[in-house]
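Descriptive analysis of the structure
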Amino acid sequence: MPRRDFLTGTAAFALLAATGSFLFSRFVGAAKAEEPRNGFPVSKTEDEWRSQLTKQQFAVLRKEDTERAFSSPLNEEHRKGMFFCAGCDQAVYASDKKFDSGTGWPSFWEAVPNAVGTSEDRSFLMLRTECHCSRCGGHLGHIFDDGPKPTGKRHCINGVAMTFKPMAA
């Protein structure tokens, strides 16, 4: 077999494999987003969630969507206070754990103890750590290993998935 044919065939196979892997991961990721999150202390039907949340909150919290970078006012929130899950009002992040990661989403180096659960997210041809509210299962964002000390973690959170309550003066 001529070298050129071998290289062309190898490249075509690699492209086909990558395309198949991408489509499979998107299908699996989409299927994951369609599954209801059961077994959480706060559990509602899809219609109940839709009536309680805005369209964007529902897409992020219940369907694992992502808001557009730099679109959340919470990215610029610098007052002392607490960030709460927009789905069930559980405290999830304290303002003193927030930092500016420059990514366009509110970032924290640590969550409130026991407020956030994690799972594997294999969508978009990568392995990421998805984080969700431990009380209602609402998707908050992802956790990466490129954050500041002392944890080295960056909780990259959708602002629309949270509300903020400033500390009383």
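What you see is a predicted model; the values in this text were computed from it and never measured. (Residues numbered from 1 in each chain as written. Predicted model: local features only at pLDDT ≥ 70, side-chain atom pairs only at ≥ 80, totals over all residues. Heavy atoms only, no water.)

**Considerations on the pairing of strand β6 (residues 128-133)**
- Across the 6 residues of β6, 5 count as buried, placing the element largely inside the fold.
- For strand β5 (residues 116-121) and β6, the ladder comprises 6 bridges, and the chain directions are antiparallel. Bridge pairing in β6 links T118 to C131.
- Where β5 folds back onto β6 in an antiparallel hairpin, the turn is made up of 6 residues, including F124, whose phi is positive at roughly 60°.
- In terms of strand pairing, β6 meets strand β7 (residues 139-144) through 4 bridges, oriented antiparallel. In the sheet register, H132 faces β7, and the bridge partner there is H139.
- Adjacent in sequence and paired antiparallel, β6 and β7 are bridged by 5 residues, among which G137 carries a positive phi angle near 80°. (Buried < 20%, exposed > 50% of the residue type's maximum accessible area, 1.4 Å probe, protein only. Helix = DSSP H or I, 4+ residues; strand = E, 2+ residues; numbered from the N terminus. Pairing = 2+ DSSP bridges.)

**Describing the pattern of salt bridges**
- Applying the stated rule across the entire model yields 10 salt bridges.
- Residue E46 pairs with R50 through a salt bridge whose shortest N-O separation is 2.9 Å. Taken together, the positions of E46 and R50, both in helix α2 (residues 46-52) and 4 residues apart, correspond to about one turn of that helix.
- Judged by its relative accessible area of 44%, R50 is partly exposed.
- In this structure, D96 and K97 form a salt bridge, with 3.9 Å as the shortest nitrogen-oxygen distance.
- Each of E46, R50 and K63 takes part in salt bridges that share partners, so that together they form one network. (Salt bridge = Lys/Arg side-chain N within 4 Å of Asp/Glu carboxyl O.)

**Considerations on the sheet that holds strand β9 (residues 162-166)**
- Spatially, the 3 strands line up as an open sheet ordered β2-β1-β9, and their pairing is antiparallel. What marks the edges here is a single partner per strand, and that holds for β2 (91-94) and β9. The mean inter-strand angle of the sheet, taken between neighbouring strand axes irrespective of direction, is 30°.
- Of the pairings in the sheet, the one linking strand β1 (residues 81-85) to β2 comprises 3 bridges and is antiparallel in character. When the bridges of β2 are listed, F83 appears paired with Y93. (Axes fitted to C-alpha atoms, helices over the stretch in contact; angles between N-to-C directions.)

**A look at the sheet that holds β5**
- In space, the 6 strands of this open sheet follow the order β3-β4-β8-β7-β6-β5, with antiparallel pairing throughout. Of all strands in the sheet, those bounded by a partner on one side alone are β3 (98-99) and β5.

**Focus on the environment of F144**
- Mapped onto the elements, F144 comes out in strand β7.
- Classification of F144 as partly exposed rests on a relative accessible area of 25%.
- It is 7.5 Å that separates the C-alpha atoms of F144 and R128, two residues lying 16 residues apart in sequence.
- With residues up to four places along the chain from it excluded, the contact list for F144 reads R128, G152, K153, R154 and C156. (Contact = heavy atoms within 4.5 Å.)

**Description of the environment of M162**
- Structurally, M162 is set in strand β9.
- The exposure class of M162 is buried, given its relative accessible area of 4%.
- For the pair M162 and P106, spaced 56 residues apart in the sequence, the C-alpha separation amounts to 9.9 Å.
- Among all residues touching M162, those that are not within four sequence positions of it are L74, F83, F84, A86, V92, Y93, P106, F108 and I157.

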